[in-house]
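Summary of the model geometry
Below, each chain spelled out in residue letters.
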Amino acid sequence: MALSRIAVDRSRPPVVRVTLDSEATGNRLDEPMLAELTAVLDEAEATPGVRVFVLDAVGDTFCAGWALDALESAWRERIAAVGGLLTRLMASPLITIASVDGAALGGGVGLAAACDQVVVGEHATFRMTEVLLGLIPAAILPVVARRVGGHRAYGLALTARELSGPEAVEAGLADRQGGKAGLRRILLALRAADPAALVALKQYYAELVPAPAQQEELFIEALGRRLADPQVHRRLAEFREQGLIA
């Protein structure tokens with residue numbers, strides 16, 4: 001039986017807390033991780049009384065992005081699944097919170113950015129690393145742009161600049177510092193609010209600032225052009241030899 005990539009805490013309703021628990025892989029978004037996250041989100045949305053979905057992680061890495069194995073075969077399905085999960089988090093009737101206290105890399109930046117609130121601890125960093133690998137952040141760039149603005153998101157992707165937690169808050173990529181204490185303050189504020197009003201507010205915000213449509217064909221076309229370049233595969237192979245990626 002395959003080991004679970006996540007741990008789920010349902011002991012403190014109305015909150016469901018989901019912890020990425022695959023430290024050995026850097027909590028990468030591989031097929032099992034994506035499937036488990038989607039399933040637990042489905043379950044949380046279907047459970048009466050659940051209103052908040054908290055996402056955090058074990059280890060020094062919050063999420064190292066989408067897994068880069070199987071680039072010869074399964075990458076289309078994987079990038080579509082990543083885009084689908086980000087869309088689900090933005091559209092969910094639950095209030096979604098990412099609690100980041102490690103490195104968010106590549107798709108991990110998008111995973112956090114898709115949540116309604118992002119709280120950072122002292123070890124949090126954010127970096128879109130795709131251009132270093134010869135790739136582009138096709139699925140996550142629209143999600144990051146929704147938070148920080150189009151040109152700022154483009155610039156962060158273009159330069160692969162790393163943001164600390166405080167810098168991410170200043171840029172609008174995160175909402176609050178303070179780690180666990182900051183998360184508690186958000187949860188207390190949400191508990192004080194009328195639950196129906198929170199749902200209505202999220203729906204209204206989605207109408208004012210629509211979430212980017214999942215453009216699977218565009219993602220695949222853009223990444224396909226990069227993956228058709230043999231130099232990209234040589235670059236990825238070099239990174240693997242150096243132990244920098246799995």
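Check the entry above for the structure.
First, a word on scope: everything that follows refers to the structure included in this document. Worth saying up front: this structure is predicted, and the values here are computed from it rather than measured.

1. Section: the sheet that holds strand β9 (residues 163–164)
Taken in spatial order, the four strands line up as β4-β6-β8-β9 in an open sheet, and their pairing is mixed. Two strands in the sheet have a free side with no partner beyond their single neighbour: β4 (61–63) and β9. Across two bridges, strand β8 (residues 125–127) lies against β9 in antiparallel orientation. The residue bridging T125 from the neighbouring strand is S164, located in β9.

2. Looking at the nonpolar core
Formed by 64 residues in total, the largest nonpolar core has its most connected members in L29, L37, F62, W66, L111, F126 and L173. In terms of residues, this core owes the most to one element, helix α2 (residues 75–91), which gives seven residues. Dropping the residues within four chain positions of it, L111 is found in contact with L20, L29, L55, F62, C63, L85, L86 and L89. If you look at the next biggest cluster of nonpolar residues, it comprises eleven residues, including V15, V54, V119 and L187.

3. Describing the packing of helix α1 (residues 31–46) against α2
Put simply, α1 and α2 touch, their axes get as near as 10 Å, and they point 25° apart. Put simply, α1 runs roughly parallel to α2. In the packing of α1 onto α2, the handedness of the crossing is left-handed. Contacts between α1 and α2 involve E31, L34, L37, T38, L41, D42 and E45 from the first element and R78, A81, V82, L85, R88 and L89 from the second. Tallied by class, residues from the contact of α1 with α2 come to seven nonpolar, one polar and five charged.

Thresholds, definitions, all that
- Residues numbered from 1 in each chain as written.
- Predicted model: local features only at pLDDT ≥ 70, side-chain atom pairs only at ≥ 80, totals over all residues.
- Heavy atoms only, no water.
- Pairing = 2+ DSSP bridges.
- Helix = DSSP H or I, 4+ residues; strand = E, 2+ residues; numbered from the N terminus.
- Core = buried A, V, L, I, M, F, W, Y, C linked by side-chain atoms within 4.5 Å.
- Buried < 20%, exposed > 50% of the residue type's maximum accessible area, 1.4 Å probe, protein only.
- Contact = heavy atoms within 4.5 Å.
- Axes fitted to C-alpha atoms, helices over the stretch in contact; angles between N-to-C directions.
- Parallel < 35°, antiparallel > 145°, perpendicular 65-115°, else oblique.
- Left-handed = near helix turned anticlockwise from the far one by under 90°.
- Nonpolar A, V, L, I, M, F, W, Y, C, P; charged D, E, K, R; others polar.

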